[in-house]
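Chain residues, written in single-letter form:
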Amino acid sequence: MSLIRPYGDTTGDGMVQLSFTLPIAHSKVAEGAAVQLANKMGMDPALVVHAKPMGEGFTFFVVYGRVNHLVDPSTVEVVERDYPLLTPKEANAAIKRSMRRRLVVVGGCIGTDAHTVGIDAILNIKGFAGEKGLEYYRELKVVNLGAQVSVPQLVEAAREEKADAVLVSQVVTQRDAHLLNTREMSAAFREAYPAAKRPLLVVGGPRFDETMAGELGVDRVFTRGTTPGEVASFIVHRLTNRTAS
């Protein structure tokens, strides 16, 4: 695959749009500071196309300009899906055939995170993106703990429910809270369970990097746009294969 550059008005013109906030009141000086920042980031020329005060002493900017950087798609590292996508009917049949019991999934938002929209989109029967959530699957028992669940509470619930998989959603990312919480969670499960008995650990959220699963001590990381079917298919694939082996 050949090298590529950004496309704005014409092919290969290198034009990009960038948005950011600076801790400075809106003024011509502030707009000049925004252009200076864009220049230092390699955008030249750079033009402020939008500037709006964001409370006292802050301004939000949108800057449009040209960059000279090239991108080589052949060097990009991503996590490709390594399991088949299953319909609810296929997932139910696989669980029934391999496990001969309902598969138990415990989920929630850990730490101070009160944003349940992500975990609800995956677990609740209404689902997301036209797909039913995990509660719709006949052979899944879903326990949604909701928001602001402490790590000890999550481990205790997993033990009580004899969870096969634990799903954690993290939306709050200030000061890398999502990474710290995930590492704390995975360490707690490693301490509480023998390796062979530990439930499958899955985390998701808009600011996660899919390549960090090993570093975070979890089995899978899902990012923005993930659908219930993708999560269900991964859990069923991994756990039914584990049972078969």
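Residues numbered from 1 in each chain as written. Predicted model: local features only at pLDDT ≥ 70, side-chain atom pairs only at ≥ 80, totals over all residues. Heavy atoms only, no water.

**Observations concerning the overall build of the protein**
As a reminder, the rule being used: Only runs of H or I of at least four residues qualify as helices and only runs of E of at least two qualify as strands under DSSP, and these elements are numbered from the N terminus. With C-alpha atoms as the basis for the radius of gyration, the globule rule is written as 2.2 Å multiplied by the number of residues raised to the power 0.38. Under the scheme applied here, a residue whose accessible area is under 20% of the maximum for its type counts as buried, over 50% as exposed, and between as partly exposed, the area being computed with a 1.4 Å probe on protein chains only.
A count of helical and extended segments in the protein gives seven helices and eight strands. Relative to the globule expectation of 18 Å for 245 residues, the C-alpha radius of gyration of the protein, 22 Å, shows a markedly less compact shape. Seen through its C-alpha atoms, the protein measures out along the principal axes to roughly 65 × 45 × 35 Å. Here the protein holds 245 residues, and 40% of them are scored as buried.

**What about helix H1 (residues 28-40)?**
Using the following cut-off: Under the convention used throughout, the expected extent of a helix is 1.5 Å for every residue step, that is, one less than its residue count. The arc in question is the one traced by the directions running from the helix axis out to the C-beta atoms. Counted as a polar contact is a pair of N or O atoms within 3.5 Å, where, for protein atoms, one must be capable of donating a hydrogen and the other of accepting one, and residues adjacent in sequence contribute only when both atoms are in side chains.
The end-to-end C-alpha distance of H1 is 18 Å, a good match for the 18 Å that 13 residues give at a rise of 1.5 Å each. Inspection of H1 places Ala30, Ala34 and Ala38 among the buried residues, and these make up the whole buried set. In a view along the axis of H1, the buried residues occupy a sector of 85°, so they form one face of it. Facing away from the buried side of H1 by more than 90 degrees, the exposed set consists of Lys28, Val29 and Lys40. Of the residues flanking the start of H1, the one acting as N-cap is Ser27, its side-chain oxygen 3.3 Å from the backbone nitrogen of Val29. Positioned one or two residues after H1, Gly42 has a phi angle of 95°, which is positive.

**Considering the environment of Gln17**
Formally: Note on contacts: a residue pair qualifies if any of its non-hydrogen atoms lie within 4.5 Å across the two residues.
Secondary-structure assignment places Gln17 in strand S1 (residues 15-22). Exposure remark for Gln17: the relative accessible area of 61% places this residue in the exposed category. Sequence-distant contacts of Gln17, that is, excluding residues within four places in its chain, are made with Val62, Val63 and Tyr64.

**Looking at unusual backbone geometry**
Cis rather than trans, the peptide bond between Asp44 and Pro45 has omega equal to 0°. Mapped onto the elements, Pro45 comes out in the loop between H1 and strand S2 (46-53). Positive phi outside glycine occurs at Ala129, with the angle close to 55°. Here Ala129 shows up in the loop between helix H3 (117-123) and strand S5 (140-144). Its relative accessible area of 56% is what places Ala129 among the exposed residues. Phi angles above zero are rare outside glycine, and Asp176 is one such case at about 60°. Here Asp176 lies in the loop between strand S6 (165-169) and helix H5 (177-192). Given a relative accessible area of 42%, Asp176 falls into the partly exposed group.

**Topic: the pattern of salt bridges**
The following threshold applies: One speaks of a salt bridge when a side-chain nitrogen belonging to Lys or Arg is within 4 Å of a carboxyl oxygen belonging to Asp or Glu.
Using the criterion set out here, one finds seven salt bridges in the structure. One salt bridge in this structure joins Asp82 and Arg220, with 3.4 Å as the shortest N-O distance. With Asp82 in the loop between strand S3 (59-66) and helix H2 (88-98) and Arg220 in strand S8 (residues 220-222), this pair connects stretches of sequence that are 138 residues apart. On the basis of relative accessible area, Asp82 is assigned to the exposed category, the value being 53%. Judged by its relative accessible area of 8%, Arg220 falls in the buried class. Two residues, Glu139 and Arg138, come together in a salt bridge whose shortest N-O distance is 3.4 Å. Note on Glu139: relative accessible area 10%, which makes it buried. Where salt bridges share partners, they join Arg198, Asp219 and Arg238 into one cluster.

**Some words on the sheet that holds S8**
Selection rule: Two strands pair if DSSP finds at least two bridges between them. Every axis in this analysis is a line fitted to C-alpha atoms, fitted for helices over the stretch in contact. Angles between the N-to-C directions lie between 0 and 180 degrees.
Pairing within the open sheet is parallel, and its five strands lie in the order S5-S4-S6-S7-S8. Both edges of this open sheet fall to S5 and S8, since each of them pairs with a single strand only. When the angles between neighbouring strand axes are averaged without regard to direction, this sheet yields 20°. In this structure, strand S4 (residues 103-108) lies alongside S5, joined through five bridges in parallel fashion. Paired with Val105 across the two strands is Val142, which belongs to S5. Docked against the sheet, H5 engages S6 and strand S7 (200-204), running at close to 175° with respect to S7.

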